[in-house]
Amino acid sequence: MGNSPNRLYSALAPTLSSAPLSQHTPAKLDQEQDLDPADPVELLRECEEVLRTRPARLHRDLVCQNGSGDHRQQPIRVMQWNILAQALGEGMDSFVRCPLEALKWNERKYLILEEILTYQPDILCLQEVDHYFDTFRPVLSRLGYHSSFCPKPWSPCLDVANNNGPDGCALFFRHKRFQLLGTIHLQLAAKMLETNQVAIVSTLRCRATGRALCVAVTHLKARSGWERLRSAQGCDLLRNLQNITQEAGRAAAAGQGEPGVGMGVPLLVCGDFNAEPSEEVYCHFATSSLGLDSAYKRLSSDGQTEPPYTTWKIRPSGESCHTLDYIWYSRQHLNVDTVLDFPTAEQIGPDRLPSYNYPSDHLSLVCDFSFCDSPE
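All values reported here derive from a predicted model rather than from experimental measurement. (Residues numbered from 1 in each chain as written. Predicted model: local features only at pLDDT ≥ 70, side-chain atom pairs only at ≥ 80, totals over all residues. Heavy atoms only, no water.)

**Comments concerning the overall build of the protein**
Then, number 1: On a plain count of helices and strands, the protein comes out with eight helices and 15 strands.
Then, number 2: The proportion of buried residues among the 376 residues of the protein is 57%.
Then, number 3: Restricting to contacts in the protein with at least 6 residues of sequence separation, those with at least 24 account for 78%.
Then, number 4: Approximately 16300 Å² of the protein is accessible, and the part contributed by carbon and sulfur atoms is 49%. (Helix = DSSP H or I, 4+ residues; strand = E, 2+ residues; numbered from the N terminus. Buried < 20%, exposed > 50% of the residue type's maximum accessible area, 1.4 Å probe, protein only. Contact = heavy atoms within 4.5 Å. Areas by Shrake-Rupley, 256 points an atom, 1.4 Å probe, with all protein chains shown as cover.)

Spelled out as structure tokens, the structure:
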């Protein structure tokens, strides 16, 4: 495997800045250059050609939510995904049932891009991104996305030989659909102390409706034993989101005289929380004054239960199957129109994730949202 020419990569990756990647991204590097647009259908076909010797990808269906959504609106498609940092996948995560060949970047990057191109999200929230500057930013900017990247201050990727810089969170949005009103990078705190976890919060204005929307992406502390730290990080993020949405709402109200927006704007929070629904940090988000709900509960028969897993892997310590990834949304301002379902255990296979036919140990989450009627 891996002998196909990398036409997409060579064609789309421009000469990039040689500034140290361990530093926070300068603002000027987050502004995409005016590059010739690329055809997503052609790029998807190229990904499929490069990956032709790999097994068929996991089949997943978009499940419509009956009675939801304003059909006069074009839905807003949101993708949340921990894509697995390349340095960690090859160097530290010890996926004992995944062949090393399946993790090689020269093909795994096409699997990641194929997943994104298959669902073509309007808003894309990624974690464990360690190839932002040389892959995702140049490729996705050619597809019409603007983006921002916030690396972890002390990324574990830097401890891996031949790494590509620190991993972090990245947020992408389609410029044709949204106007950027502002972006804030956060280093999450716990008991007044800064931690190694980060978040990006962007305030957007939908060009079709004129409605403002805040989108956040984060990745909380991993592993058992750190539940209290995750709880504190979640509380810090919620406090920041409260302030940001209220300020954005006041600015929108002052600028356009929209009724009710001074109370805050709709909010989407995407992330790998590294926390099961039983953890305290999940409860903080579910009971927050921001009025958030978890979109993926809509897949359950009672509408109240999270999926049985969003990540499934095998390490030397054994099999690990957990629900850790979420898309939170403002239930009073947004409707959930469709939700992408999960593959079955049989489809995933006995060796679990990652694999030759799926590039990450986390499954992507995809939802279509629409705005509720304008607040009165």
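**Side note on the nonpolar core**
As a rule of thumb, soluble globular proteins bury nonpolar side chains together.
Then, number 1: In this structure, Ile123, Phe136, Phe172, Leu213, Leu268, Ile327 and Phe369 are the most contacted members of the largest nonpolar core, which totals 69 residues.
Then, number 2: If you tally residues by element for this core, the top one is helix α4 (residues 105-119), at eight residues.
Then, number 3: Counting 25 residues, the second largest nonpolar core, distinct from the first, contains Ala212, Ile244, Tyr326 and Trp328. (Core = buried A, V, L, I, M, F, W, Y, C linked by side-chain atoms within 4.5 Å.)

**Some details on the environment of proline 40**
Then, number 1: Considering the arrangement of structural elements, one finds proline 40 in helix α2 (residues 40-50).
Then, number 2: Put simply, proline 40 and leucine 117 are 77 residues apart on the chain and 6.5 Å apart in space, counted from C-alpha to C-alpha.
Then, number 3: With residues near it in sequence (within four places) discarded, proline 40 still touches Leu117, Gln120 and Leu143.

**Describing the sheet that holds strand β14 (residues 334-340)**
Then, number 1: If you trace the seven strands from one edge of the open sheet to the other, you get β1-β14-β15-β2-β3-β5-β4, paired in mixed fashion. Each edge of the open sheet carries a strand with a single partner, namely β1 (62-64) and β4 (145-151). Sheet twist, expressed as the average angle between the axes of neighbouring strands with direction ignored, equals 25°.
Then, number 2: The pairing of strand β2 (residues 76-82) with strand β3 (residues 123-129) spans five bridges and is classified as parallel. Residue pairing in the sheet places methionine 79 in a bridge with leucine 124 of β3.
Then, number 3: Strands β2, β3, β14 and β15 (365-371) of the sheet are contacted by α4, whose axis makes an angle of about 160° with β2. (Pairing = 2+ DSSP bridges. Axes fitted to C-alpha atoms, helices over the stretch in contact; angles between N-to-C directions.)

**Considering the packing of aromatic side chains**
Then, number 1: Throughout the structure, instances matching the rule amount to 16 aromatic pairs.
Then, number 2: Measuring from centroid to centroid gives 6.0 Å for tyrosine 132 and phenylalanine 172, while their planes differ by 50°, and the two rings are tilted. In this pair, tyrosine 132 sits in helix α5 (residues 132-142) while phenylalanine 172 sits in strand β5 (residues 168-174), placing the two residues 40 residues apart along the sequence. Comparing tyrosine 132 with phenylalanine 172 shows no difference in burial state: the two are buried.
Then, number 3: Joined through ring pairs, the aromatic side chains of Phe273, Tyr282, Phe285, Tyr326 and Trp328 make up one cluster.
Then, number 4: We note lysine 221 situated over the ring of tryptophan 226; from NZ or CZ to the ring centre the distance is 4.8 Å.
Then, number 5: Taking the ring centre of tryptophan 312 as reference, the NZ or CZ of arginine 352 above it sits at 4.0 Å. (Phe/Tyr/Trp six-rings, centres within 6.5 Å; stacked < 30°, edge-to-face > 60°. Lys NZ or Arg CZ within 6 Å of the ring centre and 35° of its normal.)

**Here we look at the environment of glutamine 179**
Then, number 1: Residue placement: glutamine 179 occurs in strand β6 (residues 178-190).
Then, number 2: As for glutamine 179 and arginine 207, which are separated by 28 residues in sequence, their C-alpha atoms are 6.6 Å apart.
Then, number 3: Once you skip the residues sitting within four places of it in the chain, glutamine 179 turns out to touch Thr203, Leu204, Arg205 and Arg207.

**A short note on unusual backbone geometry**
Then, number 1: Of the consecutive residues leucine 353 and proline 354, the connecting peptide bond is found in the cis state with omega at -10°.
Then, number 2: Topologically, proline 354 is positioned in the loop between α8 (345-348) and β15.
Then, number 3: Not every positive phi belongs to a glycine, and leucine 84 is a case in point at roughly 75°.

**Here we look at the packing of α4 against α5**
A pair of packed helices can be characterised by two numbers: the angle between their axes and the separation between those axes.
Then, number 1: Two elements in contact, α4 and α5, have axes separated by 12 Å at closest approach and are oriented at 40°. The pairing of α4 with α5 is recorded here as oblique in orientation. The handedness of the crossing between α4 and α5 comes out as right-handed. On α5, the residues touching Trp105, Ile112, Leu113 and Ile116 of α4 are Thr135, Phe136, Val139 and Leu140.
Then, number 2: Residue classes in the contact of α4 with α5 are distributed as seven nonpolar, one polar and no charged. (Parallel < 35°, antiparallel > 145°, perpendicular 65-115°, else oblique. Left-handed = near helix turned anticlockwise from the far one by under 90°. Nonpolar A, V, L, I, M, F, W, Y, C, P; charged D, E, K, R; others polar.)

**A word on α2**
Then, number 1: For α2, the complete set of buried residues consists of Leu43, Leu44, Glu46, Cys47 and Val50. Burial along α2 is one-sided: seen end-on, the buried residues are contained in an arc of 160°.
Then, number 2: By the N-cap criterion, in which a side-chain oxygen at the helix start approaches the backbone nitrogen of a residue two or three places on, α2 is capped by aspartate 39, the distance to valine 41 being 3.0 Å. (Arc of directions from axis to C-beta. Polar contact = N/O pair within 3.5 Å; in protein donor to acceptor, adjacent residues only side chain to side chain.)

**Comments concerning the pattern of salt bridges**
Then, number 1: Taken as a whole and judged by the stated rule, the model has 17 salt bridges.
Then, number 2: Put simply, arginine 60 and glutamate 115 hold a salt bridge, and the shortest N to O gap is 3.6 Å. With arginine 60 in the loop between α2 and β1 and glutamate 115 in helix α4, this residue pair connects regions lying 55 residues apart in the sequence.
Then, number 3: Arginine 60 gets classed as buried once you look at its relative accessible area, which sits at 8%.
Then, number 4: Its salt-bridge partner being aspartate 361, residue lysine 313 comes within 2.7 Å of it at the nearest N-O pair. Separated by 48 residues along the polypeptide, lysine 313 in strand β11 (residues 311-315) and aspartate 361 in the loop between α8 and β15 bring together distant segments of the chain. Aspartate 361 shares its class with lysine 313; the two are buried.
Then, number 5: Put simply, Asp122, Arg174 and Arg177 are held in one network by salt bridges that share partners. (Salt bridge = Lys/Arg side-chain N within 4 Å of Asp/Glu carboxyl O.)

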